[in-house]
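Architecture and fold: a report
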Amino acid sequence: MSEIKIQLEYINRQLLNLIALCNQHKETETLVSDEARNTTQVVITLLNRLLDQVIFNYFDNKIRSQLTLQDFEGKKHKVQFPVCKNLQELRSLVGQFGMNDLKGRDLAAFKIIEEAQPYHPENAWISLLRKYSNLGHRKLLAQSRRQDATVFLGQALRLTLHSGTTTMRNVDDNGNSFNHFYLTNKGIEGEIDTNLKPRVEIKVSFFLEGENVDVLALCRNSTEGIERIIGKFEQVT
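Computed from a predicted model, the values in this text were never measured in an experiment.

**Some points on the packing of helix 6 (residues 124-135) against helix 7 (residues 215-234)**
One can describe the packing of helix 6 onto helix 7 by two numbers: an axis separation of 9 Å at closest approach and a directional angle of 110°. In this view, helix 6 runs roughly perpendicular relative to helix 7, as classed from their interaxial angle. As helix 6 runs across helix 7, the sense of the crossing is left-handed. Judged by residue contacts, Trp 125, Leu 128, Leu 129 and Tyr 132 of helix 6 engage Leu 218, Asn 221, Ser 222, Gly 225, Ile 226, Arg 228 and Ile 229 from helix 7. A per-class count over the contact of helix 6 with helix 7 returns seven nonpolar, three polar and one charged.

**Description of the environment of Phe 233**
In this fold, Phe 233 is placed in helix 7. In sequence terms Phe 233 and Ile 55 are 178 residues apart; their C-alpha atoms lie 8.6 Å from each other. Setting aside chain neighbours within four positions, we find Phe 233 in contact with Met 1, Val 54, Ile 55, Tyr 58, Phe 81, Ala 109, Ile 112 and Ile 113.

**Quick look at helix 6**
Taking 1.5 Å per residue as the helical rise, helix 6 with its 12 residues ought to reach 16 Å, and the 17 Å between its terminal C-alpha atoms agrees with that figure. Those residues of helix 6 that sit buried are Trp 125, Ile 126, Leu 129, Arg 130, Tyr 132 and Ser 133.

**A word on the pattern of salt bridges**
Inspection of the entire model under this criterion finds six salt bridges. The closest approach of N and O atoms between Arg 64 and Asp 60, which form a salt bridge, is 3.0 Å. Accessibility expressed as a relative area gives 37% for Arg 64, which makes it partly exposed. With a closest N to O distance of 3.0 Å, Lys 76 and Glu 73 form a salt bridge.

**So, the packing of aromatic side chains**
For the coordinates displayed, the defined rule picks out four aromatic pairs. Measuring from centroid to centroid gives 5.7 Å for Phe 56 and Phe 59, while their planes differ by 45°, and the two rings are tilted. Highlighted residues: Phe 56 and Phe 59, both in helix 2 (residues 34-63), separated by three residues, approximately one helical turn. By relative accessible area, which is 30% here, Phe 56 ends up partly exposed. Taking the centre distance of 6.4 Å and the plane angle of 85° together, the rings of Phe 59 and Phe 97 count as edge-to-face. Of this pair, Phe 59 sits in helix 2 while Phe 97 sits in the loop between helix 4 (87-95) and helix 5 (107-115), placing them 38 residues apart in sequence. A single burial state applies to Phe 59 and to Phe 97, both of which are buried. Among the aromatic residues, ring-to-ring pairing joins Phe 56, Phe 59, Phe 72 and Phe 97 into one connected group. A cation over a ring is seen here: Arg 64 above Phe 72, with NZ or CZ 4.0 Å from the ring centre.

Parameters at a glance
- Residues numbered from 1 in each chain as written.
- Predicted model: local features only at pLDDT ≥ 70, side-chain atom pairs only at ≥ 80, totals over all residues.
- Heavy atoms only, no water.
- Axes fitted to C-alpha atoms, helices over the stretch in contact; angles between N-to-C directions.
- Helix = DSSP H or I, 4+ residues; strand = E, 2+ residues; numbered from the N terminus.
- Parallel < 35°, antiparallel > 145°, perpendicular 65-115°, else oblique.
- Left-handed = near helix turned anticlockwise from the far one by under 90°.
- Contact = heavy atoms within 4.5 Å.
- Nonpolar A, V, L, I, M, F, W, Y, C, P; charged D, E, K, R; others polar.
- Expected span 1.5 Å × (residues − 1).
- Buried < 20%, exposed > 50% of the residue type's maximum accessible area, 1.4 Å probe, protein only.
- Salt bridge = Lys/Arg side-chain N within 4 Å of Asp/Glu carboxyl O.
- Phe/Tyr/Trp six-rings, centres within 6.5 Å; stacked < 30°, edge-to-face > 60°.
- Lys NZ or Arg CZ within 6 Å of the ring centre and 35° of its normal.

Okay, here's the thing in structure tokens:
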């Protein structure tokens, strides 16, 4: 597992680099830089590859000795971390590379793999990681940048704008009012009672184009998920 951990450390450094690149974008920029797009693709590709290396490490250390040389040569090319729609599909895939003893030798490892499957809602990251890594084999992943403004007024009023402009008139909050103001994705302009203590939070997000998939959230969730998987496999290899 030492080489796998070295690679994970490298990926973590690349993720920090990606976060820095995203933070460098100016407010006026709408396009994602080529360097940020390439770094995103590197992180996603390496994370997906690392998943396969984790399962191959188990195969090489625990299953290989149980196979003839001919069986090993036939199965080693089929070893990849399964990402399945259901339990039946998962059992079929692990059987292809010799992980058949699900009540004995391989039970602990199978449980680790099963708990990471995307049919468990908390593991949506793993199917997205596999999807976009595969897409990245054919082209550079497209991305879009979005800047959202959230305005907090008074005790309870919260307004969020993803794009465009919203106009508000004659709104009251516990006796404090504003007559006319504009909310844009950069903040607020207009006549506002100072007792409302207006506060603006700006959030810049990067999304995989055509999807509502937050790039940084996917990379973070995938990195954390794979770290957990590696830790669990250390107990069974």
